[in-house]
Every structure is written in structure tokens, then in C-alpha cells.
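# Architecture at a glance
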Amino acid sequence: MIDESVVTGTLSEALRTGGEFAEVFVEDRQSSSALLDDGKVEELTSGRTRGAGIRVVVGETTGFAHTSDLSEAGLAKAARAAAAAARGGGGGRKAAALDRVDAPAPHQVEVLPETVAKATKVELLGRADDAARAAGSAISQVSARYADGRRRILVANSDGLLAGDDQVRTRFAVSCVAVGDTGMQTGFESVGRPIGFELFDEYEVDALARTAANRALTKLAAQPAPSGSMPVVIGPGGGGVLFHEACGHGLEADLVAKQASVFRNRVGEQVAHPEVTLIDDGTMAREWGAYAIDDEGRPAQRNVLIEGGVLTDYMWDLLRARKQGRESSGNGRRQSYQHLPMVRMTNTYLANGTEDPEAIIAATDRGVYVAHLGGGQVNTATGDFVFGMSEAYLIVNGQIDSPIREGNLIGNGPEVLAGIEALGNDFAMGSPGTCGKDGQGVPVGDGTPTLRVASMTIGGTAA
Amino acid sequence: MNPEELLEIAERIVGWGRGGEQIEAVVGHSSETEVRVYEGDIESLSVAESQGVGIRVIADGRQGFAHAGTLDPDVLEGTLSEARDNAVFGSPDEFFGLAEPDGVAPPQLDLYNEALLEFGTEAKIDLALELEQAVRAGDPRIVGVESADYGDAVGADAIATTTGIRSSGRDTSCFLTAYSLASEGDETQTGFGFSVGREPSTLNVAEAAADAVERATRMLGAVQPPTERVTVVLDPFVTAQFLGIIGGTLSGEAVLKGRSLFADRLGDQVAAAGVTLVDDPTNPEAFTASDADGEGLATRRNRLLDGGRLERFLHNSYTGRRSGAASTGSAVRGYASTPGVGCQALSLVPGDRPPAELIAGIANGVLVQGVSGLHSGVNPVSGDFSTGAEGLRIRNGELAEPIREITIASTLQRMLLDVVEVGSDLTWLPMSSAGVSLVVAEVTMSGA
């Protein structure tokens, strides 16, 4: 992507005015997408961005500059800007000789999307449109999107680190509108993996389209969601967002260090039911949040955050880890070369339990069953979080009953963790997600078995 | 780079057009600085320049698009040929077409202020430090400032098309923002405050700090209340977020594609009589004011709801043409996407009474200070909404105890009809809609 000697020169330039640590992050990203809406292939889009972000650390201060000019002169200019921003005056040091170590990829990519004809990608859209419309005459509108991206990165720093990664992602989503006596309802389904076009060996777009259509059709008959506190059962694969919000963010070391997490000073404490084991694993093959190295060059790893209900560790990036005299946990990520890295999750999941999922539902007198979740949001300092239920049903007398309309659930992270009272043996990963933090979005995965929380507040309008 | 240089690049691309095809080139450039301070020290200082180009091609009734994050001359031609190639695979649509000059003169707006360029890095750092210090000093219960930031941007862009559009402009903007942590006993609450302007001397450190302090400290001691149906007063910041969602349902694209709950309602009374909603990017007070839309047409003032009656939808060139109307100058986009349709500077016409008087008239209600989970809790197609919320109880016309871990729910349709009053406190926020206090009856508050 860029000559090693140029990287070395850029690091020297970055340290020339007294920096203690310097890093060059180079990124070359290409993307393509195709959108069908209203029965027509509206457009195909291609994008290409390339650039480098350079940071220089002096004491507590990070200077950062980025440029789309990858020439030696362009990089040197950015290096000087980053050094000036870091305000120099530190002890000063020389960059160590670079030693290239590439981490193993979590899996192989078989069919690079750029080698697939555009017509083949477009053909998927038409199939999805047909299948969704065939699912029911009430389906009034369909949109389908195909998207792929390839992101090649190179990271080098003054500690001598040099590493690269080639990250491919492919995604397909269908969104439907159904019209009935009660107005319009929507249904959505998406799949995505950090792989190439072989994604469609695993998934039939027709089936995805039918799932999206059926979600919309089901909701036509849905009644308003209840309001108030009650038990909540979350289906397999569905609950990952809950843990992502309820405690994942609160275990990010940057927020912990700033006293902005309810989980600060709680390592070693029992925070959940003894059966709860929560893991963040960037090495999970073919899962949406996987990569070989993070955006600071650190190999992805499997980090156990809660084991047997006991909080074992936080997640770390390079700078936060250095301050503590420990290693990064491979969670330093950034949206693009134009952003500074920070602590981010990868694939966050709750390990399998032992109970029969049917029995968990049957043991719930009255409550809500959430089959599919929307996004969520958390205030890490208070622990209060919300997430949306995009497909949910009432539970009446231990049985899944009528569908309910969309709404949010609200809860408090530590309380919900303590309130998990049943874990199924049917673990599954959920839909591909994008996690937002401080204005940056990165791809993440999540998963859970079926589980029941003793009480959460359902934000509906019915009594 | 200045607008003239960008327009030159856009014109050069358009000049490569062949017979029978339409080409649109959108070119942008921005320089940004961002300072974050923490505990009296600079945590990070970022300086950045970014640029990019987006090219749309329409040929044989089909549309293709490509973009690149550079203005490197070598890349421009490749981006055009990629857009051309993409057009081959689209479906034909007789209504595809670029904007054409419509004779509307762009408003004269003063969005570029040289004073920002003369403001040095040291002064920017000092502002951020001053903000952090002001938040800390604001109340003994403030135990931390998670972040205090100063940021600014100088942006320029240009659009040219084979249909005769030529538009370019530039603007400056800057902001201060602080996130505070207040604590008492084991409990922590958070707050935020901000200030925005075209140049730094208009930024208000004291006000941003006071907001951050008040929002956090007044939530201390918050409890989860029982479920009930109440009258709510939405804080201006919350109102602005809801207006953004309601504005989306009034886009011509949502209407044409059967995704707007107001599609067949033109001329109907869809909101309470006190609701007059205007999208006006020609208003220089608006942070998102602009003289041209995303297709290079002059922006204009569009009244959407008049006394609660649905008066019009917004259009770009495509949706205007397809619905037999005309563009309302409402194309929205960045260089990396084709133009959509959207609000650019949406506001309610304010009422007569300040928030304190609104609250004084409510026997039992809730002041909603913040909402969360809007992206997952609002369905703009069905109109169902349910969002996380926090705020203060209103009892007998006065603010009472703080409450948290609640949701508020209704439908967008009902909410518009249930508006009781619009406050007088209209304020422009760093988003495409303005804030104002809003009283809404019959909202379900879910709690314990």
C-alpha cells in the first residue's frame, strides 16, 4: 500500500519535535452498493477513499492529523501537523526499527466482491423484490440493498510495530411496508459477514425477503405494546444488543477511566447470575465484528468480560492500556483514517446456558417475548439503556400470544444483569450491527441464547 | 480551497460529458480543528483537511453514481467512468433527470466569517479549558467533565451540471460542547451543554457550562415513577429531534413511495391549530442555513403545516417532476451520495409564553429533558413511537422531583393533534431543526 521506508521516514518526522509515541495509520477503502426501491433499481454507487491518520503522543496529549495525500511529502506534512498539535516538549525518542508481524486472518475470504459482475449483484435485488411482494398482497413497498466493502489498512508505530489487514464485508438488507386497516407497518431483515460474495451461498435472498415481509404482515395485526414493568423473554440471537448496551459499553476502559461507567471499580465483583458469561471476541470467524488486527495493529483476541457472573476485565485500547502498564486487548478501533481510535467492542456475546428455551417461555405467566431487536442506546454513567423491539409478542399463561407493535424497552444495566434468571441452550448470533460512539460507527456482532430478565419496563401505550 | 477553485473542478468534469448523457459533479472541501481537554490538560488536538467528489450520470433514462475522497486529477476521470458504468445497470425511469435552473435567485446569506480563520490554536485550546473549568466550578456536586471540546470547520462546495446549474459557496462554523458528571452518594448523573456560532466570539462559554451543570445536577435523586398518562413539556432540544422525524414524513420521496403516513392528507387538519411548521434554510439565524440545496437550486422558505393544516410536501428535482410539482429546493446530500429529499432548517412558529409560564399551567405533568433510543423507538412509516426519557416531574405548576428510567409513547399522528401549546423560546441548534418548548397532552409514560 505504501513503502516501508516512507513509513519509517514519516514516523521520524512525527517524532522530530519531541514526541514520545507516533503512529501512522493508512487506509484504502473501496465500496459498492446497489439499491432497489419502488420496483426499480434506483442506482449503483461506487466509492473510493484513501488516506492516512497520524498521531503523536506527548504526556497526556495526543496530536492528530489526517491527509488524503499519501505521497512522501503529503505524509510528512501531516506528521508535522500532528507533532505540532501534540505540542512537543516531551522527552523525545527515536522510532524503533519496524518489524512486520501479521496476525492470522479469522477466516479466508473466497470470492472478492470486486470480481463479481455488477449484473450478478443487481439480480439479487430483483429476486428479493419478487419474493417479498409474493409474501402477501398487503405488501405495498419493498426496498432491497446490496453493499460490499473492502478496507485495506496498514499500521506502524514508533515501538516498531508494522502490521496490515485486508477486511472485506458483504451485506444484504430488505425492508418492506405492509398496508392494512390499522395503517402501515414495516418489516426489516439483514444479513452480513466479513466475507465476500460467498455470503449468498449461505443465504437465499428470497428467504430473507420473506422474513422481512412477514415481519411487516404480522405487525398489521399487532396490538399496542403494554406499558410498565414485566418479565421479558428474548429469543436466541436477539438479546445481544441488550448486553452490548446493558454492560458492554460500560466495560470500555476509556469510559471507566473517566468515571463515566457504573462498572468502574467493580472488577472481581459478582455482577450477574452465576450462569452468565459474557465474551467479546474479535477472532470469531465470519462474524460481523471480526478482524485480524484492530486499528492500532494489535491482533484481535477473545476477551472474557464476565465469567460465572463475576466481572473479570474491561476492554482496552493502546493508550488506555499503556497508562495501566498492560497490553491492549485488541479493541482499539476507528471508523476511518480521519478518526482517532478508541475502545470499541467486536463480537459481544453471552455464552450458552443449559435450559430448554420452551421451558423458559412456559414458566413465564405474563410478559413479553422479543423475537427480534432493533438498535439501542446507553448512558454508561447511569447505566440506563433502551433498545427497540422490532418483532415482539405478548406471553400469556406461558405461551407466545398476539404480536405487539414496535416500542422501546428501558432498563438499567447492573439491575438487568442481576435480573437474568434463565438462560437457554440455543445460542445464536444476531444480525450485523453498527455501533456508534462519540460520532464514530464500526461494525459489531452480538449473540445470546434465549433468556429471561425478571423485569424490564416496556414502553408501549396500552395499560 | 476556495469555492471558485472547486467550481472549476466541477465544470471540468461536466465538460467531459458526451452527447445524450447528463452529468452532475459535486465537489467539497473542508478544514477542521477539534480540541478536547480533560482535567486541565489537552487530551487531543486534531487538525484535518478533507475533500471529495461525487459524480452522477444519467443516460438512457438510467442513473449511476460514484464518489471519491480526493480531488486528485488522476482520480476524477476514473470516478466519472465508474459512474457511467454503474448507470448501465440501473432501471430506466422517465423522471430521472438533473436539476435545471428555475430562475429563483439564491438568498444573500452571510455564512462565512473571516474572524474564524484569524482565531489561533492557543485561543481555541483556552476556550475549551475555560469551558471545562466553568463546568467544574458550577456546582460542588460536579465530580467530572467527561469531555470538553472546541471544534470548528471551514467548508466550501460547488455543483455543476450539464443542464446549466452552477453553484458554489462556503461557510464557517464553530462549537463548544461539554459532558458533565454529577454525583451524590453512590449515584451519578450526566448532563451536556453546548454553544454554536459562525465565529468564536459568538460562543457562550457561561451558558454552555450552566446547561451542562444544571442538566446533570437536577437529575440527582431521580427515581422511576409509576406508569401513567400525562401532559409533557418537551425541552427545546427534544422538540427539535421530534421535528426532524416529522419533517421526514413530509418528504416527497416518502409520499411517492408509499412510506408517508401523511400521503393522502394534503389540505387536512393533521395537527392542532397552534402548529405552524416551516422549513426555511434562507433564515440566516439557522445553523444549517444555506443559499443552495444539494442539486444547486436556490433554497426557499417552505411552509409545511399552517395552523395545523397540511399545506405541502418537500421535493427535489426527481420527486417534484414525478409528482407533477416542482422542486422546492429541498435536495439534501453530501458528496458521497445522490440527493435525497429533506428538511434543511425546520422550525415551529413560536407561541407567546416562556417555558416557566407553560409549566405554571400544568397540574400534573413531566418536563422531558432528554430522550434516548430515537433511532430504534420511532417508526416514521407507522408513526408509532416510544423512546427512553428522563426529566422532572411537574406538580401544581412547579418543577418537582427528577425521574428516570421511563419511556414516553404515542404516535406521531396523535402527538401532532395533542399539541397544547408552543413556547416562545425558539432557539437554533446544531441540527437541521430549531428547538422550542412544546406542550403535548395524553402521552403514555411507562415506568414501574
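This one's a predicted model, so the numbers in the text were calculated from it and none came from an experiment. (Residues numbered from 1 in each chain as written. Chains lettered and ligands numbered in written order. Predicted model: local features only at pLDDT ≥ 70, side-chain atom pairs only at ≥ 80, totals over all residues.)

## A word on the overall build of chain B
Helix and strand counts for chain B stand at 10 helices and 18 strands. A compact globule built from 448 residues would reach a C-alpha radius of gyration of about 22 Å, and chain B, at 24 Å, matches this within 12%. Taking the principal axes of its C-alpha atoms as reference, chain B extends roughly 70 × 55 × 35 Å. Within chain B, the fraction of its 448 residues that count as buried is 56%. (Helix = DSSP H or I, 4+ residues; strand = E, 2+ residues; numbered from the N terminus. Rg over C-alpha atoms; globule rule 2.2 N^0.38 Å. Buried ≥ 20, exposed ≤ 12 C-beta atoms within 10 Å, placed from the backbone.)

## Digging into the overall build of chain A
Secondary structure summary: chain A contains 10 helices and 23 strands in total. Relative to the compact-globule value of 23 Å for 463 residues, chain A shows a C-alpha radius of gyration of 24 Å, a close match. If one aligns the C-alpha atoms of chain A with their principal axes, the spans along those axes are about 70 × 55 × 35 Å. For chain A, the proportion of its 463 residues judged to be buried stands at 60%. Across chain A, the fraction of contacts at a sequence separation of at least 24, relative to all contacts at a separation of at least 6, is 75%. (Contact = placed C-beta atoms within 7 Å.)

## A word on the packing of helix H3 (residues 121-137) of chain B against helix H4 (residues 205-217) of chain B
Residues and elements named next belong to chain B. Where H3 meets H4, the axes come as close as 9 Å, and the angle between the chain directions of the two elements is 40°. Relative to H4, the element H3 lies oblique. Of the two possible hands of crossing, H3 and H4 adopt the one that is right-handed. Between H3 and H4, the contacting residues are Leu-127, Glu-130, Leu-131, Ala-134 and Val-135 on the first element and Val-205, Ala-206, Ala-208, Ala-209, Ala-212 and Val-213 on the second. Its residues assigned to classes, the contact of H3 with H4 comprises 10 nonpolar, no polar and one charged. (Axes fitted to C-alpha atoms, helices over the stretch in contact; angles between N-to-C directions. Parallel < 35°, antiparallel > 145°, perpendicular 65-115°, else oblique. Left-handed = near helix turned anticlockwise from the far one by under 90°. Nonpolar A, V, L, I, M, F, W, Y, C, P; charged D, E, K, R; others polar.)

## Quick notes on the nonpolar core
By size, the foremost hydrophobic cluster in this structure holds 231 residues, and its most contacted members are Ala-82 and Ala-132 of chain A together with Leu-131 of chain B. When residues no more than four places from it in sequence are discounted, the contact partners of Ala-82 of chain A are Ala-14, Ile-54, Arg-55, Val-56, Gly-63, Phe-64 and Ala-65 of chain A. With 34 residues, the next largest nonpolar core counts Leu-7, Ala-68, Ala-83 and Leu-98 of chain B among its residues. (Core = buried A, V, L, I, M, F, W, Y, C linked by C-beta atoms within 7 Å.)

## Remarks on the pairing of strand S21 (residues 433-437) of chain A
Residue and element names in this part refer to chain A. Strand direction decides the pairing type here: S21 and strand S22 (residues 440-448), joined by five bridges, are antiparallel. Looking at S22, one finds that Gly-436 is bridged to Gly-441. Adjacent in sequence and paired antiparallel, S21 and S22 are bridged by two residues, among which Asp-438 carries a positive phi angle near 50°. (Pairing = 2+ DSSP bridges.)

## Some remarks on the domain arrangement of chain A
Residues and elements named next belong to chain A. Domain annotation for chain A reports domain 1 (4-30 + 46-100), domain 2 (113-152 + 163-220) and domain 3 (227-459). Here the C-alpha centroids of domain 2 and domain 3 sit 25 Å apart. On the domain 3 side, the residues contacting the 15 residues of domain 2 number 14 residues. Among the secondary structure elements, those contributing two or more residues to the side of domain 2 that touches domain 3 are strand S6 (161-180), strand S7 (183-193) and helix H5 (205-220). (Domains from an automatic or database assignment.)

## A look at the interface of chain B and chain A
Each partner contributes to the interface: chain B provides 61 residues, whereas chain A provides 65 residues. Ranked by the residues each element gives to the side of chain B that touches chain A, the list is headed by strand S2 (residues 41-59) of chain B, at 11 residues. Taken together, the residues of the side of chain B that touches chain A break down into 16 nonpolar, 34 polar and 11 charged. One ladder, built from five bridges, connects strand S2 (residues 40-58) of chain A with strand S3 (residues 62-68) of chain B; its direction is parallel. Counted as the bridge partner of Gly-47 of chain A is His-67 of chain B from S3 of chain B.

## Some thoughts on the packing of helix H3 (residues 118-134) of chain A against H5 of chain A
Residues and elements named next belong to chain A. Close contact between H3 and H5 brings their axes to 8 Å; oriented N to C, the two are set at 40°. Here H3 is positioned oblique relative to H5, judged by the angle of their axes. Considering only the axes of H3 and H5, their crossing is right-handed. Taking contact as the criterion, the partners of Leu-124, Arg-127, Ala-128, Ala-131 and Ala-132 in H3 are, on H5, Val-205, Asp-206, Leu-208, Ala-209, Arg-210, Ala-212 and Ala-213.

## Comments concerning the domain arrangement of chain B
All names here are of chain B. Taken domain by domain, chain B holds domain 1 (3-217) and domain 2 (222-448). Put simply, the middle of domain 1 and the middle of domain 2, counted by C-alpha atoms, are 23 Å apart. Domain 1 puts 32 residues into the contact, and the matching count from domain 2 is 24 residues. Residue assignment for the side of domain 1 that touches domain 2 shows that the elements contributing at least two residues are strand S1 (21-38), S2, S3, strand S4 (142-161), strand S5 (166-184) and strand S6 (187-197). Element by element, the count of residues in the side of domain 1 that touches domain 2 is highest for S2, at four residues.

## Points about the pairing of strand S16 (residues 384-396) of chain A
Look at any regular strand and the pattern is simple: side chains alternate between the two faces of the sheet. Residue and element names in this part refer to chain A. Counting buried positions along S16 yields 12 of 13 residues, so the element is predominantly enclosed. In the sheet, strand S15 (residues 366-378) pairs with S16 via 10 bridges, with the strands oriented antiparallel. Within the sheet, the bridge partner assigned to Val-370 lies in S16 and is Ala-392. The turn linking S15 back onto S16 is made up of five residues, and Gly-383 within it adopts a positive phi angle of 85°. Looking at chain direction, S16 and strand S17 (residues 399-404) are connected through four bridges and run antiparallel. Residue pairing for S17: Ala-392 is matched across the bridge by Ile-404. Hairpin connection between S16 and S17: a loop of two residues separates the two successive antiparallel strands, and Asn-397 in this loop has a positive phi of roughly 50°.

## With respect to the sheet that holds strand S10 (residues 309-310) of chain B
All names here are of chain B. Read from one edge of the open sheet, four strands run S10-S9-S8-S13, paired in antiparallel fashion. This sheet does not close on itself; its edge strands, each paired only once, are S10 and strand S13 (346-348). Note that strand S8 (residues 277-279) and strand S9 (residues 302-306) share three bridges and pair antiparallel. Residue pairing for S9: Val-278 is matched across the bridge by Arg-303.

## What to know about unusual backbone geometry
Look at Asp-38 of chain A: it is not a glycine, yet its phi comes out positive at around 60°. Looking at the secondary structure, you find Asp-38 of chain A in the loop between strand S1 (21-37) and S2. For Glu-442 of chain B, which is not glycine, the phi torsion reads 60° and is therefore positive. Relative to the helices and strands, Glu-442 of chain B is located in strand S18 (residues 438-446).

## Comments concerning the confidence of the model for chain B
Across chain B, the average pLDDT comes to 96, with 100% of residues at 70 or higher. This complex was scored by the predictor with a pTM of 0.95 and an ipTM of 0.94. (pLDDT = per-residue confidence, 0-100.)

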